[in-house]
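In case you want the letters, here they are:
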Amino acid sequence: MSYRINHLKELESEAIFIIREVAAQFENPAILFSGGKDSILLVHLAKKAFFPAKIPFPLVHIDTGHNFEECITFRDDLAEKMGARLIVGSVEEMIKSGGANEETGANASRNRAQIPTLLDTIEKNKFDACLGGARRDEEKARAKERFFSHRDEFGQWDPKNQRPELWNIFNGRKHLGENFRIFPISNWTELDVWQYIAMENVELPSLYFAHKRMTFIRDGVILSDSVHITRKPGEELEERLVRYRTMGDATITGAYLSDADTIDKVIQEVAAARETERGMRADDKRSETAMEDRKKEGYF
């Protein structure tokens, strides 16, 4: 057990070092906050990095309008508790203004509409770096990221043109209009995140633990009943005992059948899992390169 604690402390030290490096190198950074466990962990690490001072970065949430209500409530409460400035970029408003397109059809999602909304929010607030909670074990496109991920003046990511990060030396130099995405917990695994959350007693939304919910099954994915989803013929509602391993829109985030209602049970479940937590994200199933294609356009 002591070895595991040492491992988690090493990951914590690495993440805090990177967060402080961002504060040192950039003029106007922000934390991308989704209300999910990884962004909550990132806020917790930022708090430790600058304690007893407040977190010097605002929290930025790109709100699609299709989020789980529990996450929005948790987001607002956490920002107030931390004394952090909360900036919300609205996909709904972006669609109304013509800056983003609204998908139609039974499988419609606002996931891609987050891209212009995020880029617009970065431009309006002149952010030169945005810290995110992505990890390399989540998805194959994530595994290509550096800690400091350079984006050009159009917010685009080129996986073939990234800067070396030898000996933990991070190059944050950029031209006017360019910015960086920073991923301090890149080396963490899902199991690391949960064990650290348990060790630090970090509060999470209730959706991460087993609860009864009205759901239906579409293409093998358990989706929550939502006013934003039109069910197809034959998609019957059924109350199931489920929990969520990742947090996104209710329209695309699949639940897992689970009775893990405590953090210890969740850790046991994650340790035995053979599928990543994004395995039930409908947006990642659209094509083999769905995530990488979105990232190249400016996605998180």
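Computed from a predicted model, the values in this text were never measured in an experiment.

Reading guide: rules and limits
- Residues numbered from 1 in each chain as written.
- Predicted model: local features only at pLDDT ≥ 70, side-chain atom pairs only at ≥ 80, totals over all residues.
- Heavy atoms only, no water.
- Patch = residues over 30% accessible without salt bridge, like charges linked within 9 Å, V, L, I, M, F, W, Y side chains within 5 Å.
- Areas by Shrake-Rupley, 256 points an atom, 1.4 Å probe, with all protein chains shown as cover.
- Salt bridge = Lys/Arg side-chain N within 4 Å of Asp/Glu carboxyl O.
- Buried < 20%, exposed > 50% of the residue type's maximum accessible area, 1.4 Å probe, protein only.
- Domains from an automatic or database assignment.
- Contact = heavy atoms within 4.5 Å.
- Buried area = accessible area lost by both parts, 1.4 Å probe.
- Helix = DSSP H or I, 4+ residues; strand = E, 2+ residues; numbered from the N terminus.
- Pairing = 2+ DSSP bridges.
- Core = buried A, V, L, I, M, F, W, Y, C linked by side-chain atoms within 4.5 Å.
- Axes fitted to C-alpha atoms, helices over the stretch in contact; angles between N-to-C directions.
- Expected span 1.5 Å × (residues − 1).
- Polar contact = N/O pair within 3.5 Å; in protein donor to acceptor, adjacent residues only side chain to side chain.

*Asks:* I'm lost on a nonpolar patch on the surface in this one. Help?
*Replies:* Side chains of Leu166, Trp167 and Ile169 sit close together on the surface and give an oily, nonpolar patch of about 420 Å² of accessible area. Of the residues examined, Trp167 reaches a relative accessible area of 75% and is grouped as exposed.

*Asks:* Explanation requested: the domain arrangement of the chain in the structure shown.
*Replies:* By convention, interface size is frequently given as the accessible area that disappears when the constituent parts associate. Partitioning the chain into structural domains gives domain 1 (7-189 + 288-297) and domain 2 (193-280). Of the residues lining the interface, 36 residues belong to domain 1; the matching set on domain 2 comes to 32 residues. Summing both partners gives a buried area of about 2,900 Å² for domain 1 against domain 2, and 59% of it is carried by carbon and sulfur. When the buried surface of domain 1 facing domain 2 is broken down by residue, Lys37, His66 and Phe68 rank first, second and third, together holding 27% of it. There are four salt bridges connecting domain 1 and domain 2. Residue Lys48 is joined to Glu200 by a salt bridge in which the shortest nitrogen-to-oxygen separation is 3.1 Å. Sort the elements by how many residues they give to the side of domain 1 that touches domain 2 and helix α2 (residues 37-50) lands first, with seven residues.

*Asks:* Mind showing me how you'd approach the sheet that holds strand β8 (residues 221-224) here?
*Replies:* Across the sheet, which stays open at both edges, the four strands sit in the order β8-β7-β9-β10 with antiparallel pairing between neighbours. Two strands bound the open sheet, and with one partner strand each, they are β8 and β10 (256-257).

*Asks:* Looking at this structure, how should I read the nonpolar core?
*Replies:* A general tendency of soluble globular proteins is for nonpolar side chains to be buried together. Counting residues in each nonpolar core, the largest one holds 56 residues, and the members touching the most others are Ile19, Ile31, Leu45, Phe148, Ile182 and Trp188. Among the secondary structure elements, those contributing two or more residues to this core are α1 (2-25), α2, α3 (69-82), β4 (129-131), β6 (179-182), α6 (190-200) and α7 (263-272). A per-element tally of this core places α2 first, with eight residues. Taken domain by domain, this core gets at least three of its residues from each of domain 1 (7-189 + 288-297) and domain 2 (193-280). Discounting residues that sit within four places of it in the chain, Ile19 has contacts with Leu42, Leu45, Ala46, Ala49, Phe50, Phe57, Leu131 and Pro184.

*Asks:* What is the right way to look at the pairing of strand β5 (residues 148-151) in this model?
*Replies:* Side chains on a regular strand alternate between the two faces of the sheet. By the alternation rule, side chains of β5 split into Phe148 and His150 and Ser149 and Arg151, which are all buried. Where β5 lies against β6, four bridges are found, and the strand directions are antiparallel. By the bridge assignment for β6, Arg151 is matched with Asn179.

*Asks:* Looking at this structure, how should I read the sheet that holds strand β1 (residues 29-32)?
*Replies:* Sheet strands associate in pairs through backbone hydrogen bonding, adopting either a parallel or an antiparallel arrangement. Pairing is mixed across the open sheet formed by six strands, whose spatial order is β3-β2-β1-β4-β6-β5. Whereas interior strands pair on both sides, the edge strands pair on one side only; in this sheet they are β3 (86-90) and β5. Taken over all neighbouring pairs, the strand axes of this sheet differ in orientation by 30 degrees on average, direction set aside.

*Asks:* Hey, could you run me through helix α5 (residues 114-125) in this one?
*Replies:* Residues three or four positions apart in an α-helix share a direction because the helix packs 3.6 residues into each turn. Its twelve residues place the ends of α5 16 Å apart at the C-alpha level, agreeing with the 16 Å of an ideal helix rising 1.5 Å per residue. Where α5 is concerned, the buried positions are Gln114, Ile115, Thr117, Leu118, Thr121 and Ile122. Downstream of α5 by a residue or two, Lys126 has a phi angle that is positive, lying close to 55 degrees.

*Asks:* Looking at this model, I keep getting lost on the environment of Glu12. Mind explaining?
*Replies:* Along the chain, Glu12 falls in helix α1. Sequence separation between Glu12 and Asn28 is 16 residues; the distance between their C-alpha atoms is 23 Å. Contacts of Glu12, omitting those with residues within four sequence positions, involve Leu45, Lys48, Trp188, Tyr196 and Glu200. A polar contact is formed between the side chain of Glu12 and the side chain of Tyr196, at a distance of 2.5 Å.

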